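Residues per chain are reported as follows:
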Amino acid sequence: SFVAPNKFGWPTSGTLRDFCMQGWIGELPSSFTIDFKLNFVSLAGSMRWGGIVFCTPNDYFDDMNASGDITNGYNLLVRENGSIELFKRQNSAANLVGSALATPSITSGQQVEIKLQVTPTQIIITRVDTGHAMTINDSDFRNGFVHFGRNYSGVTFENVHFTPQ
């Protein structure tokens, strides 16, 4: 839902994973940057998360589809315990790419600022509010679409800036 003033997301904890395509971005180029602020409005458990899915070729994303029709792409998770993880979804498997980035735990009502940079050969993720960053060498998926998502946590997104390179 849209949440005043100028936020989008799921402001209360839920019982599901939810994803929503961000069609305003359009189809992604091979290189881009997305800056966004992720607000943890209500917490649901240390391993729960808010995040974005990117470079997925479909306009619909479901990481738990029982039929096995899981979309390829990357799923960037910002967990309530502060861990930042990048999963590569390929066919019916999801694998952690690189190592989890340990950052300070997130408290209820806290805002986390993320910068995601994608080049043809690398994915660079920075938690701007703490200065933690990681670089992953991976070039499997490019182009496609962006989806905001959450796993049970009440999260909203704001100040989302997309910059094609």
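One can find the structure itself at the top, above this paragraph.
All figures in this text were calculated on a predicted structure; none of them were measured in a lab.

Draft legend 1. Structural detail: the environment of A100. For A100, the location among the structural elements is in the loop between β8 (93–96) and β9 (111–118). Of the residues examined, A100 reaches a relative accessible area of 39% and is grouped as partly exposed. Sequence separation between A100 and G82 is 18 residues, and the spatial gap between their C-alpha atoms is 9.9 Å. Beyond its immediate stretch of four places on either side in the chain, A100 contacts S83, I84 and E85.

Draft legend 2. Examining unusual backbone geometry more closely. The peptide bond linking A4 to P5 adopts the cis configuration, its omega dihedral lying at -5 degrees. Among the secondary structure elements, P5 is positioned in the loop between β1 (2–3) and β2 (7–10). Even without being a glycine, C55 presents a positive backbone phi close to 60 degrees. Position of C55 relative to the elements: it lies in strand β5 (residues 49–56). By relative accessible area, which is 2% here, C55 ends up buried. Its identity is not glycine, yet N159 carries a phi of approximately 50 degrees, on the positive side.

Draft legend 3. Spatial organisation of the pattern of salt bridges. Inspection of the entire model under this criterion finds 6 salt bridges. Here R150 ties to D18 by a salt bridge, and the two come within 2.7 Å at their closest N and O atoms. With R150 in strand β12 (residues 145–151) and D18 in strand β3 (residues 17–21), this residue pair connects regions lying 132 residues apart in the sequence. E85 serves as the salt-bridge partner of R79, at 2.9 Å between the closest nitrogen and oxygen. For the pair formed by R79 and E85, the shared burial category is buried.

Draft legend 4. Main features of the packing of aromatic side chains. For the coordinates displayed, the defined rule picks out 10 aromatic pairs. Ring centres 6.3 Å apart and planes at 45 degrees place the aromatic pair F8 and F148 in the tilted group. Note that F8 is positioned in strand β2 and F148 in strand β12, a separation of 140 residues in sequence. Across the pair, F148 and F8 agree in class, each one buried. On the numbers, 5.6 Å between centres and 70 degrees between planes, the contact of Y74 with F141 is edge-to-face. Separated by 67 residues along the polypeptide, Y74 in strand β6 (residues 73–79) and F141 in the loop between β11 (132–137) and β12 bring together distant segments of the chain. Considered together, Y74 and F141 belong to a single accessibility category, that of buried residues. We note R48 situated over the ring of Y152; from NZ or CZ to the ring centre the distance is 3.9 Å.

Reading the values: the criteria
Residues numbered from 1 in each chain as written. Predicted model: local features only at pLDDT ≥ 70, side-chain atom pairs only at ≥ 80, totals over all residues. Heavy atoms only, no water. Helix = DSSP H or I, 4+ residues; strand = E, 2+ residues; numbered from the N terminus. Buried < 20%, exposed > 50% of the residue type's maximum accessible area, 1.4 Å probe, protein only. Contact = heavy atoms within 4.5 Å. Salt bridge = Lys/Arg side-chain N within 4 Å of Asp/Glu carboxyl O. Phe/Tyr/Trp six-rings, centres within 6.5 Å; stacked < 30°, edge-to-face > 60°. Lys NZ or Arg CZ within 6 Å of the ring centre and 35° of its normal.

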